[in-house]
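A structural walkthrough
The primary structure of each chain is shown beneath.
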Amino acid sequence: MAILEVRDISVSFGGIKPVRGVSFSVEAGSFTSIIGPNGAGKTSLFNLISGVNKIDAGEILFKGQTIHKLHAHEIASRGLVRTFQGAKVIKRLTVAENLMMAVQGNPGDSLWRFFTPRSRSKFEKHARELAMERLDRVGMTKYADEFAGILSGGQRKLLDLSRALMTNPSMILLDEPFAGVNPTLVEKLLEVLATMRKQHEITFLLIEHDLETVMNISERVIVMAEGKIIADGLPNSIYENEQVVDAYLGSRKRGA
Amino acid sequence: MTDLIQYLFNGLVAGSIFAIAAVGISLLYSVLRLVNFAAGDFLTLGAFITYFFSVTLEINFILSIIISMLAGMAICWFLELVLWRNLRRNKAGTLALFLVATGVALMLRPIIQYIFGTETRRFNVDILKTYDFFGARIPQTQLVVLVFATISILLIALFMAKARIGKDMRAYANNPSLAAVSGINVDRVVMATWLISGALGSLAGVFQGLVQGQFNNAMGETLLLSFFAAVVLGTIGDAYGALVGGLLLGLFMELSQLDIFFGGVPSNYKPVVAFAALVLVLLFKPEGLFGYRSRKV
Amino acid sequence: MAGIYGVFSLGLQIQYGVAGVMNFGHVGMMAITGYAIAILVIRFQWSFWWAAFVGVALAALGGALLGLSTLRLSGDYFAIASIAFAEITRYWILNSDGITGGAQGTLAIPNPRGFGGYTDEPEVILTWIVDRLTPYLGDNASRDLAVLLVVWPFFFLFLWISARLQKTSWARVLRATREDDDVPRSLGKNVFRFRLQALVIGSVFGGIAGAFWAVQFMLLAPEDFLRIVTFYGWMILILAGATRVKGLAIAAIFFGFLYGATRFVEFWPISLLSAPERSYLRIFLIGVVLIALMVKRPQGLFGKRQEMVLE
């Protein structure tokens, strides 16, 4: 069952067209990666799907319902979350707070509930437990009450990912989760991803440049270049695809 | 018909002054991201200094205007060196700039009041002579102002287009980091922006004083929002736009008194027209008339 | 006086200190409530208490109106729009002679019973307080003192409410928003709604300040609500440390001192200046303080430097 359907979407701004006529579907519970040279439109695609930007044409459906007209936060509350290139963390909040903010259904979000402190504090305690548990899984419990600004780049990625996972999503868009992360942390990340897949049947859609990792973990690879999809299929078949190689290396002649 | 001509004329006069003041404000914003709340007071200052030299000291009027422009430039120059440079170095945020600009305004106003007193002043020009044009009253002073203001506007536009420093300013406004690495002297650009703003502010102040016939220390302050309206209308960050925006706003404010607009906006509500225009533009077309968004909107 | 401005600044604190919204038109909320009270009581013969309640509600409505129309804009532009809002309000008050008394102030509001103020009901309480205190304080038991004794407890109450508010997860989301909109959004938080709520709550406090103002001065005029008033509030806010509630009381007192000293202090060198000159001095000093604060110590007395610098 396709959890995400992207139908012929395009967008343009400032004179460039980062995404042109892209269509694909993602099956629930699958693990798909999107690769392509810089500027191919991958992050723009994520921005469109997650609602950060609006599409000019086409449709996007999530769990069978159109989402391209919704605001980003509405899309997120339906179970489609994302991480950010460069791992955005809120530096003025502590690591734990960053995570606690992600727990859905927080009565504290609604101002009326200001007057029911008990339900709020119960939720807060629960949120904190969940946060600590999550931190434990990535080995960062000792940072729980430090300001998130002190984390290193790789740790921020872990935080970014953990935060997305805290929302109990149905599908996550991961934007270059392994970029600039040292190999041990990459292992950790992969572990977390694997566990989440198994336990919660989350669908993953990944943007990545590290081809090796991508080929190892993905079930399916989509290749983008210049705003369009130029290849889509099993990892191995992508390797053999001429167009893909061209896109990555420019139009260099292959072979001898 | 008479009304139409009258309002058109008044609108052009007012608009040309708005245009001059708006350019200064627009430049400051596009180059420095600074919303100059003190702009109005610079106008007042310009008018009063000119008054002082031309009336009290009986120095030639044109010369007085030049002196006041220089004074405006001097103050801006001083503030840039002492205050603004410091803030920029410390990476002051939007709020800091706002409040400091307000602080400057708050300091400037009392100083003007203290030095020059609070009575209403008049320049030593004949404000009563008027021409008759199809029934519309065209005061000579306002006509003269219009002519000179238009000349100034053209000079400004020319300067922005042709002068080296003008082009540098626009380049920097467009993309500061790129400009900096391509060898543009940032400090000079910034200083030039301030000097121009200071000069234009004084000039606009003198013109406004002439047009109003008489003026007091609240003059600049009451006009401040109208200036902002002109800047926004003409697209924030676009100096040419500020010129056009100013003219249009002036026309709009005056013409709104025509009957076709809900029976005519009463004249004491004219500023509200400007404020409303400001809000409406921000809401529906924040890119202003010229359609692009500079920096963040 | 300090108390009133304190409450006023509290509203600003919630809007800026918590939510990062730069509202420079706060004085408009004060004006709305103050004038609403005056009009309702004088013209329509309402009871003061109901009028106050409605007045504050109207201020909240004003905040909502402002927010709904302009919060979409980014910081700089919203700030300008908020000033426009306050000025339009003031202009309307100034020019609607029939309803608001125009430039002459609330004395000129048409009153079916003839001449009259609107503070009859609160006066009863104030006089009661004065009477209770006179045995102990003699002449010092003035009406002003009575107002002070009424306003400050409320101020502290509001401070306490505010402090509690800032510890909630609601406030946490807003604090996150100050740094980055996209992250809370990606977690399902409707950033616009949160900001709007902060704006409205802040406006409520602004309105309450307006109600207190109306009681203190018994007479309102458009000049009471000039643009500059919002900046007094900002000065207090920055002095106190924008992100903390604690310092507001002290900052408010400092402001009150600044304001009052230039008016009432008689000794040298202030006595060199005449009354109007002193008001210039007051404005001048506020400008100086504002600049000095932002240059040297933007975190105020109690704030944390890093939080301000992150702006």
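Structure first, text after, so check above.
Predicted model, so just to flag it, every value in this text is computed and none were measured. (Residues numbered from 1 in each chain as written. Chains lettered and ligands numbered in written order. Predicted model: local features only at pLDDT ≥ 70, side-chain atom pairs only at ≥ 80, totals over all residues.)

So, on to the overall build of chain B. Within chain B, the regular secondary structure consists of eleven helices and two strands. Starting at the N terminus and walking to the C terminus, you meet the elements of chain B as α-α-α-α-β-β-α-α-α-α-α-α-α. When each of the 297 residues of chain B is scored for burial, the buried share is 53%. For chain B, restricting intrachain contacts to residue pairs at least 6 apart in sequence, the fraction spanning at least 24 positions comes to 77%. (Helix = DSSP H or I, 4+ residues; strand = E, 2+ residues; numbered from the N terminus. Buried ≥ 20, exposed ≤ 12 C-beta atoms within 10 Å, placed from the backbone. Contact = placed C-beta atoms within 7 Å.)

Let us now look at the nonpolar core. Note that soluble globular proteins tend to have their nonpolar side chains buried in a common cluster. Of all hydrophobic cores here, the largest spans 267 residues; its most connected members are A21, F227, A229 and L278 of chain B together with I236 of chain C. Mapped onto the domain boundaries, this core takes at least three residues apiece from domain 1 (2–89 + 170–249) and domain 2 (90–150) of chain A. Ignoring anything within four residues of it in the chain, the contact list for L278 of chain B reads L225, F228, A229 and V232 of chain B together with I80 and A84 of chain C. (Core = buried A, V, L, I, M, F, W, Y, C linked by C-beta atoms within 7 Å. Domains from an automatic or database assignment.)

Where interface size is given, it is often the accessible area lost as the parts come together that is meant. Each partner contributes to the interface: chain C provides 23 residues, whereas chain A provides 26 residues. Of all elements in the fold, only α8 (169–179), α9 (182–186) and α10 (191–217) of chain C reach the threshold of two or more residues within the side of chain C that touches chain A. At seven residues, α8 of chain C tops the list of elements feeding residues into the side of chain C that touches chain A. Grouping the amino acids of the side of chain C that touches chain A by side-chain chemistry returns nine nonpolar, six polar and eight charged. (Nonpolar A, V, L, I, M, F, W, Y, C, P; charged D, E, K, R; others polar.)

In this section: the packing of helix α2 (residues 39–56) of chain B against helix α3 (residues 61–89) of chain B. All names here are of chain B. Put simply, α2 and α3 touch, their axes get as near as 8 Å, and they point 140° apart. As the angle between them shows, α2 and α3 are arranged oblique. As α2 packs across α3, the resulting crossing turns out to be right-handed. Contacts between α2 and α3 pair F42, L45, G46, I49, T50, F53 and S54 from the former with F61, S64, I65, I67, S68, A71 and G72 from the latter. Residues of the contact of α2 with α3, tallied by class, amount to eight nonpolar, six polar and no charged. (Axes fitted to C-alpha atoms, helices over the stretch in contact; angles between N-to-C directions. Parallel < 35°, antiparallel > 145°, perpendicular 65-115°, else oblique. Left-handed = near helix turned anticlockwise from the far one by under 90°.)

This part is about the packing of helix α9 (residues 219–233) of chain B against helix α11 (residues 270–284) of chain B. Residues and elements named next belong to chain B. Axis separation between α9 and α11 bottoms out at 9 Å; the angle between their running directions is 35°. Handedness of the α9/α11 crossing: left-handed. Along the contact surface, α9 presents L225, S226, F228, A229, V232 and L233, while α11 presents P271, A274, F275, A277, L278, V281 and L282. Taken together, the residues of the contact of α9 with α11 break down into twelve nonpolar, one polar and no charged.

Counting residues at the interface gives 36 residues for chain B and 35 residues for chain C. Secondary structure elements with two or more residues in the side of chain B that touches chain C: α3, α4 (94–116), α9 and α11 of chain B. Looking at the side of chain B that touches chain C element by element, the count peaks at 15 residues for α4 of chain B. Across the side of chain B that touches chain C, the residue classes break down as 26 nonpolar, eight polar and two charged.

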